[in-house]
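Take a look at the letters that make up each chain.
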Amino acid sequence: MKLNDKVALITGGTSGIGLEAAKLFQQEGAKVIVTGTHLGRLEEAAQLLGDSAMTLNVDLRDPAQLDRAIVEIVETHGRIDVVYANAGAATAAPLEAVTPEQISEQFALNFNGAFFTIQKAVPHMPKSGAIVVTTSFLNETGTPGLSVLAATKAALRSLVRSAGAELAPRGIRVNAVSPGPIATPFHGKLGLSEKELAAAGEGIQAAVPLKRFGEAREVAQAALFLASDDAAFITGTEMVVDGGLTQF
Ligand SMILES: NC(=O)c1ccc[n+]([C@@H]2O[C@H](COP(=O)([O-])OP(=O)(O)OC[C@H]3O[C@@H](n4cnc5c(N)ncnc54)[C@H](OP(=O)(O)O)[C@@H]3O)[C@@H](O)[C@H]2O)c1
């Protein structure tokens, strides 16, 4: 097993990619802690993952909630071996319609949330700890309507290099997994109409060289690799899981 007895914190672990990662990490021997904010999804995740898993209601836009969660995790498990900073959300809007609030909200969750998760977990991580961050294909391409989301992910890509450099002397590795279009509830929360979503979906399928959306589990497999000792000499990198979208 690739994560035997490891304590793994997965933010945004109640849905989509994070939930698949939680299941996979658990199958590989990890004690998982998942976070989210939606009570129904937290409850479903708790049932799915069973008693050995911890599910925590943490709005990552509020660093004080993160502080409390880290205390609870450390009181229960004593340490955190793996951090998968994965939570994210976005509102689609053309440049001229973007509001200051939308920019603040998206950076508060996607960038600040991941930043403070890492900052607050690191004091409890042993040498050989591993951090994985979910970035996005959007940090490599320009996509109309997603300028703010793309910018948050580009900032995260940068953070992976800076945190990787800073934490390497402590033996903690930091890497990113960069999903292409993945079939999760994410797209339904962008604020697009059914018609816009359907058109975007068709366009994406045509553009992806492998001609399909990816599965959440396919991203989780990459996160597992980066979190495990199989990637012991890999830090600062981004593993792209996008059906070739940004590569050809
Ligand atoms: N799906 C894609 O095509 C795609 C492509 C590239 C990158 N990504 C990235 O992959 C990551 C996971 O997305 P997904 O596709 O799995 O989407 P998802 O199914 O919508 O999952 C998002 C997760 O983030 C959590 N979350 C949302 N707002 C939060 C908040 N304020 N505080 C704490 N947690 C919050 C959600 O929990 P609650 O709902 O309970 O709050 C949920 O667990 C995101 O960072 C996303 O940007 C996705």
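Use the structure listed above.
Residues numbered from 1 in each chain as written. Predicted model: local features only at pLDDT ≥ 70, side-chain atom pairs only at ≥ 80, totals over all residues. Heavy atoms only, no water.

S.K.: I tried to follow the pairing of strand β1 (residues 7-11) on my own but got confused; where do I start?
M.R.: Side-chain positions along a regular strand alternate between the two faces of the sheet. Burial analysis of β1 places five of its five residues in the buried class, which makes it a mostly covered element. Side chains of β1 alternate between two faces, with Val7, Leu9 and Thr11 and Ala8 and Ile10 buried alike. With helix α1 (residues 16-27) bridging β1 and the parallel strand β2 (residues 31-36), this β-α-β connection has right-handed handedness. Here three bridges tie β1 to strand β4 (residues 82-85), and the two strands are oriented parallel to one another. (Buried < 20%, exposed > 50% of the residue type's maximum accessible area, 1.4 Å probe, protein only. Helix = DSSP H or I, 4+ residues; strand = E, 2+ residues; numbered from the N terminus. Right-handed = clockwise from strand over helix to strand, strands pointing away. Pairing = 2+ DSSP bridges.)

S.K.: What is the right way to read the site of the ligand from this model?
M.R.: Near the ligand there are 31 residues, and of these Ser15, Thr37, Asn86, Thr184 and Lys189 occur at the shortest range. Residue Ser15 places a side-chain N or O atom 2.5 Å away from an oxygen atom belonging to the ligand. Within the backbone of Ile17, one N or O atom sits 2.8 Å away from an oxygen atom of the ligand. For the ligand, the accessible surface in isolation is 880 Å², of which the surrounding protein chains cover 95%. (Near = heavy atom within 4 Å. Polar contact = N/O pair within 3.5 Å; in protein donor to acceptor, adjacent residues only side chain to side chain. Areas by Shrake-Rupley, 256 points an atom, 1.4 Å probe, with all protein chains shown as cover.)

S.K.: Help me understand the side chain of Thr11 in this model?
M.R.: Relative to the helices and strands, Thr11 is located in strand β1. Residue classification places Thr11 among the buried positions, given a relative accessible area of 3%. A distance of 3.1 Å separates a polar side-chain atom of Thr11 from the backbone nitrogen of Ala87.

S.K.: Can you help me understand the packing of α1 against helix α7 (residues 216-227) in this one?
M.R.: Between two packed helices, the angle of one axis relative to the other and the distance separating the axes together describe the packing. α7 packs onto α1 with a crossing angle of 55° between their chain directions and a minimal axis gap of 8 Å. With respect to α7, the element α1 is oriented oblique. Here the hand of the crossing between α1 and α7 comes out right-handed. Packed against α1, whose contacting residues are Gly16, Ile17, Glu20, Ala21, Leu24, Phe25 and Gln27, the element α7 presents Ala216, Arg217, Val219, Ala220, Gln221, Ala223, Leu224 and Ala227 at the interface. Of the residues in the contact of α1 with α7, the class split is 10 nonpolar, three polar and two charged. (Axes fitted to C-alpha atoms, helices over the stretch in contact; angles between N-to-C directions. Parallel < 35°, antiparallel > 145°, perpendicular 65-115°, else oblique. Left-handed = near helix turned anticlockwise from the far one by under 90°. Contact = heavy atoms within 4.5 Å. Nonpolar A, V, L, I, M, F, W, Y, C, P; charged D, E, K, R; others polar.)

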